[in-house]
Amino acid sequence: MPINDDMSNDKNLSFEEPRDFTITSSKNIDINSSIYVIESRKMLRDCLEKCLMKSFNDQTIMSFASIDEWDRSKTLCREGDIIILCCDALETPQAEEDRNDLLSRSGIEARFVLLCDSEDLAGVVEQLNKGVHGYIPTSVSLKVAIEAIRVVQAGGIFIPSSCVFQHCEPVEPVTPRSQFTPRQSAVLEQLQTGRSNKIIAFELKMKESTVKVHVRNIMRRLGVTNRTEAVVQTHKNNY
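Computed from a predicted structure; not experimentally measured.

Any chance you could explain the nonpolar core here in plain terms?
Among soluble globular proteins, nonpolar side chains are generally buried collectively. In this structure, Ile-38, Trp-70, Ile-83, Leu-85, Leu-102 and Leu-114 are the most contacted members of the largest nonpolar core, which totals 24 residues. Sorting the residues of this core by element identifies β3 (34-38), α2 (67-72), β5 (82-87), α3 (93-104), β6 (111-116), α4 (121-130) and β8 (157-159) as the ones contributing at least two each. Here this core gets four residues from one element, more than from any other, and that element is α4. Ignoring sequence-local partners within four residues, the contact set of Leu-85 consists of Ile-38, Arg-99, Leu-102, Leu-103, Phe-112, Val-113, Leu-114 and Leu-115. Residues Ile-82, Val-113, Val-140 and Ile-146 belong to the second largest nonpolar core, which totals 20 residues.

Have a look at this one:
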């Protein structure tokens with residue numbers, strides 16, 4: 001998965017409640033750093049500002065209704081500052097264009113955090129490639145969101161685990177029978193009925209010598225020395 005170069009110096013991998021994927025850094029945080037919230041919806045903007053003031057009471061918190069308003073404030077960003085951008089499914093194409101323009105600007109030392117409703121992995125990767133350092137879905141708790149911002153401010157990258165693990169292949173449950181190949185399992189079923197190698201070969205349409213090889217491999221996997229012990233072991237462990 002492609003991510004930007006900020007990850008190259010991040011070494012520690014941590015999973016926090018509720019298991020959100022983070023890459024952290026040991027970078028020191030300036031207590032005089034600032035956090036800027038850019039959100040068009042006033043209620044959400046005010047709520048974010050108040051929550052951040054409580055959690056980052058040693059830092060300057062400011063909010064703006066738009067990127068244009070933030071530009072007009074002529075705010076000078078420093079290393080360690082955070083710019084929080086918010087997007088939702090109903091945002092206008094112009095709002096998306098303005099955000100992409102801000103992310104592509106050179107000379108901005110602040111790090112970007114994106115609050116978004118979507119948890120699509122392709123969308124997360126796209127935003128990381130555009131310059132976002134933290135992707136926080138609105139489905140996470142406030143506690144996780146605050147800690148994610150701290151990770152980004154420390155020089156790390158934050159990605160929600162829900163975006164990553166939804167694309168992982170489900171792990172097949174481990175069963176006693178799963179240690180055998182399909183053909184070995186078929187031979188084992190015949191062994192459990194007490195049939196001889198010759199009859200097993202006839203039933204499974206294979207050579208008797210092949211059956212003998214399978215039987216030896218089954219006994220080796222079970223740690224037994226004869227067919228009787230093999231059958232006893234399989235019944236004992238519910239194979």
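Could you clarify how one ought to interpret the pairing of β6 in this entry?
Each regular strand displays side chains that alternate between the two surfaces of the sheet. Of all six residues in β6, six are buried; the element is thus mostly enclosed. With burial as the criterion, each face of β6 is covered, one bearing Arg-111, Val-113 and Leu-115 and the other bearing Phe-112, Leu-114 and Cys-116. Sheet topology note: the β5/β6 ladder contains six bridges and is parallel. The residue of β6 that forms the bridge with Ile-82 is Arg-111. Considered for its hand, the β-α-β crossover made up of β5, α3 and β6 is right-handed. Pairing between β6 and strand β7 (residues 134-137): four bridges, direction parallel. Bridge pairing in β7 places Leu-115 opposite Ile-136. For the crossover from β6 across α4 to β7, the handedness is right-handed.

Calculation criteria
Residues numbered from 1 in each chain as written. Predicted model: local features only at pLDDT ≥ 70, side-chain atom pairs only at ≥ 80, totals over all residues. Heavy atoms only, no water. Core = buried A, V, L, I, M, F, W, Y, C linked by side-chain atoms within 4.5 Å. Buried < 20%, exposed > 50% of the residue type's maximum accessible area, 1.4 Å probe, protein only. Helix = DSSP H or I, 4+ residues; strand = E, 2+ residues; numbered from the N terminus. Contact = heavy atoms within 4.5 Å. Pairing = 2+ DSSP bridges. Right-handed = clockwise from strand over helix to strand, strands pointing away.

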